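Letter by letter, the chains look like this.
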Amino acid sequence: LLYFQLNKEQIYYYNTTKMYGKTQKFFVYGTLRSSIKAEYSSIVHKNTKFKLSMSPAKLFGVKLYDMLNYGYPTIRITNNENDFIYGEIATPDNFDECLQVFDKIEEYPTEYDRVVLSKCLDLKENVYYDVWVYIENKIQELNNSFEIESNSYKHIKENCYVSYKDGFNYKNDH
């Protein structure tokens, strides 16, 4: 069990191999957000085996990066109490089915790790939750990425387009 400090409260980072079932909420921050139309949107948001309840959220203690060659983001855990990103809490009515779909999409465990992070604020309920989060497990891939300073991947998707064949491309200069 690893932990770091944030606002004088401990934020826990769990090895998820041993933490299955700790929480039944996910934090989605990139192409799995309900407001972003991407390759897997219909698989996630129109699935017949589970339904997702989505709520806007803010996850503290992390920074957001765009993976330039892949067309999707990842996060890096920090110790900075001022670091946060926007996304959504996704609460499935069938956790096991949702977990299988998310693991397949995120290519867990070869591409992404699945971890539980604390200090995720549900912006509708104004309540903090522990949430499952997928994080790029090849840290060298962050060398070919850039920090998203707006703290939201939705901002990037609105101003840019992604071609999975050609990598990341800007719609316009900014």
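Reading the values: rules and limits
Residues numbered from 1 in each chain as written. Predicted model: local features only at pLDDT ≥ 70, side-chain atom pairs only at ≥ 80, totals over all residues. Heavy atoms only, no water. Helix = DSSP H or I, 4+ residues; strand = E, 2+ residues; numbered from the N terminus. Buried < 20%, exposed > 50% of the residue type's maximum accessible area, 1.4 Å probe, protein only. Contact = heavy atoms within 4.5 Å. Areas by Shrake-Rupley, 256 points an atom, 1.4 Å probe, with all protein chains shown as cover. pLDDT = per-residue confidence, 0-100.

(A) Quick peek at the overall build of the chain. For the chain, the helix and strand inventory stands at three helices and twelve strands. Buried residues in the chain amount to 49% of all 174 residues. In the chain, of all internal contacts separated by at least 6 residues, the share reaching a separation of at least 24 is 70%. Summed over all atoms, the accessible surface of the chain reaches about 9,300 Å², with 46% contributed by carbon and sulfur.

(B) Region of interest: the confidence of the model for the chain. Of all residues in the chain, 75% attain a pLDDT of 70 or more, and the chain-wide mean is 79. Summarising per-element confidence for the chain, the mean pLDDT is lowest in strand E12 (residues 167-170) (37) and highest in strand E3 (residues 26-28) (98). Across residues 1-19, confidence stays below pLDDT 50; counting only partners more than four residues off in sequence or on other chains, it has 47 contacts. Overall, residues 160-174 carries pLDDT values under 50, and its contacts beyond four positions in sequence, including any with other chains, amount to 31 contacts.

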